[in-house]
Protein chains: 2
Amino acid sequence: MNQSSLNVGSQRSWTTRRDKKAGQIAKVQKLVNGRVIPTEKIVEVLETLITSGDCVALEGDNQKQASFLSNALNNVNPDKVNNLHMVMSSVSRPEHLDIFEKGIAKKLDFSYAGSQSLRMAQAIEDNIVEVGAIHTYLELYGRLFVDLTPNIALVAADKADASGNLYTGANTEETPTIVEATAFRDGIVIAQVNELVDEVPRVDIPGSWVDFVVVSDKPYQLEALFTRDPRQITEMHILMAMMAIRGVYEKHNVQSLNHGVGFNTAAIELLLPTYGESLGLKGKICKNWTLNPHPTLIPAIESGWVESVHCFGGEVGMEKYVAARPDIFFTGRDGSLRSNRAMCQVAGQYAVDAFVGSTLQMDADGHSSTVTLGRLAGYGGAPNMGSDPHGRRHATDAWLNMITEESSIARGRKLVVQMVETFQQGNKPVFVESLDAIKVGKDAKLPIAPVMVYGDDVTHVVTEEGIAYLYKAQNLEERRQALTAVAGVTPIGQRNDPEVTEKLRKAGVIAFPEDLKIKRTDAKRSLLAARSIDDLVDWSSGLYEPPAKFQSW
Amino acid sequence: MNQSSLNVGSQRSWTTRRDKKAGQIAKVQKLVNGRVIPTEKIVEVLETLITSGDCVALEGDNQKQASFLSNALNNVNPDKVNNLHMVMSSVSRPEHLDIFEKGIAKKLDFSYAGSQSLRMAQAIEDNIVEVGAIHTYLELYGRLFVDLTPNIALVAADKADASGNLYTGANTEETPTIVEATAFRDGIVIAQVNELVDEVPRVDIPGSWVDFVVVSDKPYQLEALFTRDPRQITEMHILMAMMAIRGVYEKHNVQSLNHGVGFNTAAIELLLPTYGESLGLKGKICKNWTLNPHPTLIPAIESGWVESVHCFGGEVGMEKYVAARPDIFFTGRDGSLRSNRAMCQVAGQYAVDAFVGSTLQMDADGHSSTVTLGRLAGYGGAPNMGSDPHGRRHATDAWLNMITEESSIARGRKLVVQMVETFQQGNKPVFVESLDAIKVGKDAKLPIAPVMVYGDDVTHVVTEEGIAYLYKAQNLEERRQALTAVAGVTPIGQRNDPEVTEKLRKAGVIAFPEDLKIKRTDAKRSLLAARSIDDLVDWSSGLYEPPAKFQSW
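None of the values given here were measured: they were computed from a predicted structure.

1. Thoughts on the packing of aromatic side chains
Per the stated rule, a full pass over the model turns up ten aromatic pairs over all chains. Relative to Phe330(B), the ring of Phe145(A) lies with its centre 5.8 Å away and its plane at 40 degrees, an arrangement referred to as tilted. Here Phe145(A) is found in the loop between α7 (137–144) and β7 (152–160), whereas its partner Phe330(B) is found in the loop between α12 (319–323) and α13 (341–350) on a different chain. Arranged with centres 6.3 Å apart and planes meeting at 80 degrees, the rings of Tyr469(B) and Tyr471(B) form a pair that is edge-to-face.

2. Considering the interface of chain B and chain A
The interface of chain B with chain A comprises 111 residues on the first partner and 112 residues on the second. Here chain B meets chain A over a buried area of about 9,200 Å², counting both sides, of which 57% is carbon and sulfur. Taken together, chain B and chain A are joined by eight salt bridges. Here Arg411(A) and Asp457(B) are joined by a salt bridge, their closest N and O atoms 3.9 Å apart. Where chain B meets chain A, there are 49 residue pairs in polar contact (both at pLDDT 80 or more).

3. Quick word on the domain arrangement of chain A
All names here are of chain A. Here the domain parsing of chain A yields domain 1 (18–222) and domain 2 (230–536). A straight line from the C-alpha centre of domain 1 to that of domain 2 covers 34 Å. With 32 residues of domain 1 at the interface, the matching set in domain 2 holds 31 residues. The tally of links from domain 1 across to domain 2 stands at three salt bridges.

4. Examining the sheet that holds strand β19 (residues 460–462) of chain A
All names here are of chain A. Strand order across the open sheet formed by eight strands is β14-β13-β12-β15-β18-β19-β20-β21, with mixed pairing between neighbours. Across the chains shown, the open sheet's two edge strands, defined by having one partner strand only, are β14 (308–310) and β21 (510–511). When strand β13 (residues 288–290) meets β14, the two strands line up parallel, connected through three bridges. Looking at the pairing, Thr-290 lines up with His-310 of β14.

5. Quick word on the environment of Gln551(A)
All names here are of chain A. Within the element layout of this structure, Gln-551 appears in the segment after α19 (533–539). The partly exposed category is assigned to Gln-551, whose relative accessible area is 31%. A polar contact of 2.5 Å, which involves the side chain of Gln-551, links it to the backbone oxygen of Pro-546.

The rules behind the values
Residues numbered from 1 in each chain as written. Chains lettered and ligands numbered in written order. Predicted model: local features only at pLDDT ≥ 70, side-chain atom pairs only at ≥ 80, totals over all residues. Heavy atoms only, no water. Phe/Tyr/Trp six-rings, centres within 6.5 Å; stacked < 30°, edge-to-face > 60°. Helix = DSSP H or I, 4+ residues; strand = E, 2+ residues; numbered from the N terminus. Contact = heavy atoms within 4.5 Å. Buried area = accessible area lost by both parts, 1.4 Å probe. Salt bridge = Lys/Arg side-chain N within 4 Å of Asp/Glu carboxyl O. Polar contact = N/O pair within 3.5 Å; in protein donor to acceptor, adjacent residues only side chain to side chain. Domains from an automatic or database assignment. Pairing = 2+ DSSP bridges. Buried < 20%, exposed > 50% of the residue type's maximum accessible area, 1.4 Å probe, protein only.

Written out as structure tokens, the structure reads:
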């Protein structure tokens, strides 16, 4: 083998990315002041810095949106900049899809499209958006370092100094992850900031990772997505929450957990200081949390239930409360929350006993999805946490509790708990013969159906009827039978065989409220530690400042 | 429910961690100069800053060791500082266990104990070390944000400025992750640095996350763990590498991958520019990598096979080569590598098609472990990547290729490939009736046996006999049969039934070299693109500077 004939290395450039970046930055020198882009020049600068076909990461977080930059991108001339490959964890603003209609962008890799889910499904069907793939957050972050490394990152922060040091305050979210992947492979990082300051309160992202900052015309968009008004918690939610506390948390000694956002989990949070306390569980369960600063967690924190909370992002209105509780929350030297979406997903995936979520549809095998007909909402982060991480090796009581076989090689499992009422609003059954996700996936020509959580990962299903301990089922048939027993009068529930149910009940594969010593009639709203947003404000000693839309006063 | 009777919040302090930190820092003011601890004062400062029982994260990375700080910790007076709870990803230096013998430390949460594995097993049996748990890297990082948040972090960096900004150069590794978890929950961060400078070449960790820096008496320990000398690659390694390239990478169209460190995978890396090229595979497979800068990857990079490499850490001797190849590696503005162990683990877990590793023992069900009698080595990162991440939703050819069932809910799988010779050195069979890990786990009273990769996650086993495509097996019995067919004359291989083998071969569940159109006699060392460290240096045009122990000249 002649080595020199193979060695083509010497004939190529190894600095094409770096050279391209230097060339692009040189072109904008007359438009910028050092690292600062004048606000009114942003469109012209983007037209100069971005090359058609570039891979562009546009920060659409769950809550925080780089809204000034997305508007600016939507205003570039498509003759100058087109066919971009967008990488966005969240598609949440109209211009996020407008840029595809105008031809500025062509290909899209994303995770979540909550508020744009209807339009997204249509845009894919109409070939306006070419989907690379739909991801969970963590896999999209991983791909930023593998095969989706951006040429350009457009991100949002609160403040910057003239050296480009960024302060994100409570809403650090995924900004450091996007910036790291871009900056360290010779991409160009542009941050919109609400304010330029002489010195940032703390450095969330070092200036040597940032190329340009631009003061936005108005503060970045920020949504309060994790606020649930206790007024909307029903007695059915409360009954299910009581079952979860007794039949899951207490039974398995759940120490650390993630809650999805929903009224079922909000009810659990609000029952800990009342019902949970009456069971003598304080200090015994639910100590360490990975979740955003849910206002409904305030009473449990104030009552001394919670030892720690690590957050994916912030929550509007919770800033002062969080800053006043540094023993519980991760905060910086400036006193405000430090969130980190990537690391919180890792923690939520690998370090907690239980994930507790909800869904819109579940089939007979326990597969579930929040995708409904005509709406392609994507995944977000739930599947990262709503699955058993096979790389986990550390043991906790709850994890070991899931072992059902006698084997010298047995390992534990993460608790993946789905809490669903048997019917959605509008009398639509949650338990269905076939998930809408299958049809939506076919219509959008996706390679797999967009299933949120697969049945084989689900350990518990809690409905208003009872709990199915799916991890205990000895085979697929028994799993199906257990599900029918808690599926009420839905099509799946109607398959139930009462004799089998009685057998499964004795074997502990299913439990009804009475088996857990819970009286249905005890599930009253008076059990909630807070029954309104106003109550939450009181619990927080006025530190929680709910956004206007949640204020009844 | 009387709200005020529940509200105990007003009666407690919510700033105990912050107050404790402020108090400890105040105590050392007369010993330090601003953020700088004088080198000779380090023991006294540690004795003052650390409280008995504290949770202390001591950076023992895979390669990089905070060796000055671990020595200093080993020299504190156990009467003053004792019963520490140590969190260390790697236990690699004698003093890492000495501190337990002296009583300075008591409890240990860790991931890996390679060079200390023998002593570790003994220390556990003797109750000198109380093990919290043994983790994979990613779950340990996750727990830093949940229930193992350090009071004190002792980390290592190359340079610092007077404001505490840290430059880690190529060896960023896990330092930012440990520092973030500690700094943002009012822990104290102390970094040893090789040098204090006026301005760091780039900021890897912002000074506002760091409390103290101390110039070490000598540079931190750094091991070249990912260097494999091509001289030690045998024809058996080459045969197996040829099978992997044809029977796995080409067959499944593997685009992105992680290689463990070993001679089998080194052989693959060195065959890509020769054998791989002769198959016309260049530009078609193996483009995006998550792995450390393996010197054996140089020929593939120089030949144009590799589009990107993201690294867990650096590799001694590869600094100049990496810096000269920024199109391939993630590098900073200063030109040097930026590694990040946590994000590379995430990428290796979630974003690549295939994990290719090796093991010391495998049982009849495909469970494997590198734990052998009397040695408790821990896990490192392999199980994160050597398992199917159920939260993955994006599809690639390779991932979809693993689907064997007809179902509207089917999903793909990650390729988890184990490459093992049927016998280890010393004629010990690799395929065994029972893993040593089971006995070691019992002796150390671990809650589960320390299995590295579970059989149900393994999709392919490659031996010198052939490939078992375990993902294609229709049931456990067929999996076992397939394994026996490639297990040679080991105890497991002797269970083989030639008739069943023939059936499985026709069904494509196993393949022998001839089925892959590979002649055993073609597996020659002359196929290796580099046959010595010297060849690798040549390929790198002299940029690779191997450590002395690998130099034959």
